[in-house]
Amino acid sequence: MSEFIIQNLQTIQRRIKAACEKANRNSEEVKLLLATKTVDAERIKFALQQGLNLVGENKVQELKQKGSMLQSLEAEVHFIGHLQTNKIKEVIKWATCIESIDRFALAEKLHNRLTLEQKTMDVFIQVNTSYEASKFGVAPEHALELIQQVAQLDTIRIKGLMTIGLFSEAPEKVRKCFRLLKDLQQQAFDLNLSNVDLQELSMGMSGDLEIAIEEGATIVRVGTAIFGERIYPDSYYWNEDTQIL
Ligand SMILES: *Cc1c(COP(=O)(O)O)cnc(C)c1O
């Protein structure tokens, strides 16, 4: 098991490095986030001990189970799944950043809770750059408006944008998604919003991280290429209506 993870991590780090070289970027600009849905605490701990400190969880239930282990390792924990407002309290407890802010109602509820607890939270705005109905995220044409609204909430610090690229065999279609996220970042920069520092672009996964890095990713979220195939379909994680039978 550990040999498997070590080798996979080396492969991923090589891929990141090669993509950075190709894009003329410094590989220190790109962070590797371990996407750890369905992965047990032991394996996550082992992977983190190989010199990593960034983890992403999709489900509040799993975040709760692994939260204290992650805190004891001082890992940076991002919530990367769809967030229902009734789970905010639990996420605040365990996550250091929420990458999946995709609607104002959610940001507002988060702000209310943070105010009550006298806390602040880093967030990313999730954009549905592939326009697929199955994926969450604000529509690209509404992203700037959402950024401006969320920027008004003083407990929330917008750190960047997040997207899941189109699943496609056609790299140019995938690239279009990532390029759109980068364009939106530039448009947001042009607005010169105070209280907003949108440096991060969280995009790229096991299958498409090279394209994402070429288009400016600062965080790639990798699961299967490190931990192996998952038993649940991704739709379970991306669609709250999907039940495990
Ligand atoms: C699972 C997941 C990933 C990682 O996907 P892999 O294909 O396993 O690398 C990245 N981002 C999100 C939001 C995910 O749910």
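Residue numbers run consecutively from 1 along every chain, following the written order of its sequence. Totals for whole chains, interfaces and linings use every residue, but because this is a predicted model, local features are given only for residues with pLDDT of at least 70 and side-chain atom pairs only at 80 or more, for both listing and counting. For the side-chain quantities, the full set of heavy atoms in the structure was used; hydrogens and water were omitted.

**Structural notes on the site of the ligand**
Near the ligand there are 13 residues, and of these Lys-37, Asn-58, Ser-206, Arg-221 and Arg-230 occur at the shortest range. In this structure, Lys-37 approaches the ligand through a side-chain N or O atom, which is 2.5 Å from an oxygen atom. In protein, a polar contact requires one atom able to donate a hydrogen and another able to accept it; more generally it is a pair of N or O atoms within 3.5 Å, and residues adjacent in sequence count only if both atoms are side-chain atoms. Arg-221 places a polar side-chain atom, nitrogen or oxygen, 2.8 Å from a nitrogen atom of the ligand. When isolated, the ligand has an accessible area of 380 Å², and the protein chains bury 96% of it. Side-chain classes are defined by residue name, with Ala, Val, Leu, Ile, Met, Phe, Trp, Tyr, Cys and Pro counting as nonpolar, Asp, Glu, Lys and Arg as charged, and the others, Gly among them, as polar. When the residues that make up the shell around the ligand are grouped by side-chain class, the tally is six nonpolar, four polar and three charged. We call a residue near a molecule or strand whenever a single non-hydrogen atom of that residue lies within 4 Å of it. Residue exposure ignores everything except the shown protein chains as possible cover, and the areas themselves are Shrake-Rupley values with a 1.4 Å probe.

**Comments concerning helix H6 (residues 140–150)**
Those residues of H6 not exposed but buried are Pro-140, Ala-143, Leu-144, Leu-146, Ile-147 and Val-150. The buried residues of H6 occupy an angular sector of 165 degrees when the element is viewed end-on, so they sit on one face. Here a residue-residue contact requires only that any non-hydrogen atoms of the pair lie within 4.5 Å. By the criteria applied, helices consist of DSSP H or I runs no shorter than four residues and strands consist of E runs no shorter than two, each listed in order from the N terminus. Summarising the contacts, the buried residues of H6 are in contact with strand S4 (97–101), helix H5 (104–117), strand S5 (121–126), strand S6 (156–162), helix H7 (171–190) and strand S7 (196–202). Each residue is assigned to one of three classes by its accessible area relative to the maximum for its type, calculated with a 1.4 Å probe on protein chains only: buried under 20%, partly exposed between the two thresholds, exposed over 50%. Taking the helix axis as origin, the arc is that swept by the directions to the C-beta atoms.

**Quick look at H5**
Expected span of a helix, by definition, is 1.5 Å for each gap between consecutive residues, and there is one gap fewer than residues. The first and last C-alpha atoms of H5 sit 20 Å apart over 14 residues, in line with the 20 Å expected at 1.5 Å per residue. Those residues of H5 lying buried are Leu-106, Ala-107, Leu-110, His-111 and Leu-114. One face of H5 carries all of its buried residues, which in axial projection span an arc of 135 degrees. Tucked inside the fold, the buried residues of H5 contact helix H4 (88–94), S4, S5, H6 and S6. Two residues or fewer past H5, Gln-118 is found with a positive phi of approximately 55 degrees.

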